[in-house]
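These are the residues of each chain, in order.
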Amino acid sequence: MIKSSYTPDNSFSTLVDDQYDVILIGGGPAGATVSALLAEQGHSVAVFERSTIPRFHVGESLIPETYWPLERLGLIDKLKASAFPKKFSVQFVSDGWKESAPFYFDMHNSHESSQTWQVDRADFDNLMLDNAVEKGATVRMNAHVLEVLFGDENNSDRATGVKVKLTDSNGNIETREVHAKVIVDASGTSAFLMNRMKLRQSDPYLRKGTVWSYFKGARRDEGKDEGATLIMQTAGKKSWFWYIPLQDDIVSVGCTGTMRAMFSKGSTPETTFERELQRCPALQERLANAERCMDFLTTKDYSYSSTQAAGDGWVLCGDAFGFVDPVYSSGVYLALKGGEFVADAIHEALTNNDTSAARLGCWKDEYAAGVENFRKLVYAFYTPGFSFGSFLKEHPQFKSNLVDILIGAVFKPEHDAMFAAMGEVLPPKDG
Ligand SMILES: Cc1cc2nc3c(=O)[nH]c(=O)nc-3n(C[C@H](O)[C@H](O)[C@H](O)COP(=O)(O)OP(=O)(O)OC[C@H]3O[C@@H](n4cnc5c(N)ncnc54)[C@H](O)[C@@H]3O)c2cc1C
């Protein structure tokens, strides 16, 4: 457990001013990144988080490129000192039992960034928010944003503040209007503004659902492979499992398939998980002596994007702007990297006294191009008959492009040739 520099009790009573430069809706990795980077530059920043962090969250496996935003945030030493298992590789298992050799990230790049971590998200998110507080941001828990306020004397579309419900440690509730020059929606899959402004578009090729839980005592590999993520496809590629080793001998295990298959009539999360487990002997063997230590959890239809990144006085970040798929563990990295893009755009906007949509969303094309690289590789993963092994046998020159994407180095133009060689690889439309 990471020691927090503030407690839930004093975060309930954090004083909230009436006016800030920037307000963040949500204190997950995206909100914590933007707020830390802006507070560090001297802007006044408030983060409103509706829950009490530390709080449970799915999304434990980091990818190597997360190192760079974490370094900019000054968090690498804290992660090195943490009990989070070190992750050196990802390993794929096809058809339920064929284990390929692990992809060791340091074979691709010998820099220390090749080693990353498997994190307990309650602890990791807490660490990130602590950092924002240390850099001068005001972070208020139990602060539920109910509304974004729009309209000033010149522009009826300009976001000008939020209406927020603040609950104190005695349960007293106060609803306040708090104003800011820029509102950042970092509310995760709640996607506060995207949903209210009807900007959401679902990905018709990725209509997926997931059932997951946590197990104690599962078999893990030894030495350098102990913290490896395993991506285990079931027989016939009907679904796949993640296997993410966490601290205290806990393993996060989740199964993803089409929504229809995962939530079929008459099934329960447990029967679905058990049914898919029967198609994955390699995982059965790892879980043979393990005990489940949490009820099954579910989530679905989480692949979406927004038609707009920003408007006058507002901007989206992290899952509140879009999410692709869990398979390559890209979510937290994109929340941090996107957080850097958004923080830099806001700093420029505030410095130039121009918080227009164009200025706040200036990063959109570069960011979207990187996300597209993840998306295309996700499509390839779900396409029946497509195999990375066969593709690389035919096109060995693209191995480093493939590894680049697996580590998260997606913000490079050099991947176009590889996707051209893959052709239009699309999974069936229903997922
Ligand atoms: C099945 C599944 C598995 C995944 N596995 C991985 C993985 O292994 N690795 C990985 O990197 N990513 C993974 N992800 C993705 C990852 O969890 C997210 O991309 C990441 O958490 C995004 O961070 P965020 O800060 O944008 O949002 P969040 O972490 O969701 O934070 C948003 C915060 O906003 C708060 N909030 C929401 N509404 C309001 C409101 N109205 N007022 C105030 N606060 C509000 C919420 O309480 C929350 O704390 C997975 C996702 C799924 C669906």
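Numbering of residues begins from 1 in every chain and follows the order in which that chain's sequence is written. Restriction of local features to residues with pLDDT of at least 70 applies here, the model being predicted, together with a cutoff of 80 or more for giving and counting side-chain atom pairs; totals for whole chains, interfaces and linings are based on all residues.

**Some words on helix α10 (residues 331-351)**
Secondary structure elements are taken from DSSP: a helix is a run of H or I of four residues or more, a strand is a run of E of two residues or more, and numbering for both begins at the N terminus. Expected span, for any helix, means 1.5 Å times one less than how many residues it has. Across its 21 residues, α10 extends 30 Å between first and last C-alpha, which sits within 8% of the 30 Å expected from 1.5 Å per residue. Buried residues dominate α10, accounting for 15 of its 21 residues. Positive phi shows up at Asn 353, right after α10, with a value of about 50 degrees. Burial in this document is a count-based property: other C-beta atoms within 10 Å of a residue's C-beta are tallied, and the residue is buried at 20 or more, exposed at 12 or fewer, or partly exposed in between, with C-beta positions derived from the backbone.

**What about the domain arrangement of the protein?**
Start and end points for every domain follow an automatic or database-based domain assignment. What the domain assignment lists for the protein is domain 1 (8-60 + 122-201 + 305-362), domain 2 (87-113 + 208-300) and domain 3 (367-422). Taking only C-alpha atoms, the centre of domain 1 and the centre of domain 2 are 32 Å apart. With six residues of domain 1 at the contact, the number on the domain 2 side is eleven residues. Any residue outside Ala, Val, Leu, Ile, Met, Phe, Trp, Tyr, Cys, Pro, Asp, Glu, Lys and Arg is labelled polar, Gly included; the first ten of those are nonpolar and the last four are charged. For the side of domain 1 that touches domain 2, the residue count by class is three nonpolar, one polar and two charged. Contact between residues is assigned whenever the C-beta positions, reconstructed from backbone atoms, fall within 7 Å.

**Focus on the site of the ligand**
For each residue, a C-beta atom is placed from the backbone, and the residue counts as near a molecule or strand when that atom lies within 6 Å of it. Taken together, 38 residues lie near the ligand, and Gly 28, Gly 59, Gly 188, Gly 318 and Gly 331 sit nearest. Those elements that place two or more of their residues in the shell around the ligand are α2 (29-40), β9 (143-150) and α10. Considering every element that reaches the shell around the ligand, the biggest residue donor is α10, with four residues. In terms of residue class, the shell around the ligand is built from 15 nonpolar, 19 polar and four charged.

**Here's the deal with the nonpolar core**
Connectivity within a nonpolar core runs through C-beta atoms within 7 Å, and the core itself is a set of buried Ala, Val, Leu, Ile, Met, Phe, Trp, Tyr and Cys residues. Formed by 119 residues in total, the largest nonpolar core has its most connected members in Val 184 and Val 315. A per-element tally of this core places α10 first, with eleven residues. Excluding its chain neighbours within four sequence positions, the residues that come into contact with Val 184 are Val 22, Leu 24, Ile 25, Val 34, Val 315, Cys 317 and Val 342.

**What to know about the pairing of strand β13 (residues 208-216)**
Bridging between β13 and strand β16 (residues 250-258) involves nine bridges; their strand directions are antiparallel. Within β16, the residue paired with Tyr 214 across the bridge is Ser 252. By definition, two strands form a pair when at least two bridges between them are found by DSSP. Two elements, β13 and strand β18 (residues 297-300), share four bridges in a ladder whose sense is antiparallel. The residue of β18 that forms the bridge with Thr 210 is Thr 299. With two bridges connecting them, β13 and strand β17 (residues 291-292) associate as antiparallel partners.

**Some points on the environment of Asp 354**
Considering the arrangement of structural elements, one finds Asp 354 in the loop between α10 and α11 (357-360). Owing to 12 C-beta atoms within 10 Å, Asp 354 belongs among the exposed residues under this scheme. Expressed as a C-alpha distance, the spacing of Asp 354 and Asp 312, which sit 42 residues apart in the sequence, is 9.2 Å. When residues no more than four places from it in sequence are discounted, the contact partners of Asp 354 are Ala 349 and Arg 359.

**Focus: the packing of α2 against helix α5 (residues 121-134)**
A fitted line through C-alpha atoms serves as each axis, taken over the contacting stretch for helices, and the angle formed by two N-to-C directions is quoted from 0 to 180°. In contact at an axis separation of 8 Å, α2 and α5 are set at 20 degrees when each is read in the N-to-C sense. Taken together, the axes of α2 and α5 are roughly parallel relative to one another. Where α2 crosses over α5, the two elements pack in a sense that is left-handed. Contact with α2, carried on its side by Pro 29, Ala 32, Ser 35, Ala 36 and Ala 39, involves Asp 125, Met 128, Leu 129, Asn 131 and Ala 132 of α5 and no other residues of that element. Its residues assigned to classes, the contact of α2 with α5 comprises seven nonpolar, two polar and one charged. For classification, angles of less than 35 degrees are called roughly parallel, those exceeding 145 degrees roughly antiparallel, those between 65 and 115 degrees roughly perpendicular, and all remaining angles oblique. In this scheme, a crossing is called left-handed if the near helix is turned counterclockwise away from the far one by less than a right angle; it is called right-handed if the turn is clockwise.

**Points about the pairing of strand β11 (residues 173-185)**
Where strand β1 (residues 19-25) lies against β11, six bridges are found, and the strand directions are parallel. If you follow Gln 19 over to β11, its bridge partner there is His 179. The pairing of strand β10 (residues 159-167) with β11 spans seven bridges and is antiparallel. Opposite Gly 161, over in β11, you have His 179 as the bridge partner. Counted between consecutive antiparallel strands, the loop separating β10 from β11 contains five residues, among which Gly 171 sits at a positive phi close to 90 degrees. Sheet analysis places β11 next to strand β21 (residues 314-316), joined by three bridges and oriented parallel. Bridge pairing in β21 places Ile 183 opposite Trp 314.

**Observations concerning α5**
Between the first and last C-alpha of α5 there are 19 Å, a value that for 14 residues agrees with the 20 Å anticipated at 1.5 Å per step. Burial of α5 is extensive: eleven of the 14 residues sit out of reach of the surface. In this structure, the buried side of α5 is in contact with α2, β2 (45-48), α4 (76-80) and β8 (138-140). In the segment just after α5, Gly 136 is the residue with positive phi, at about 115 degrees.

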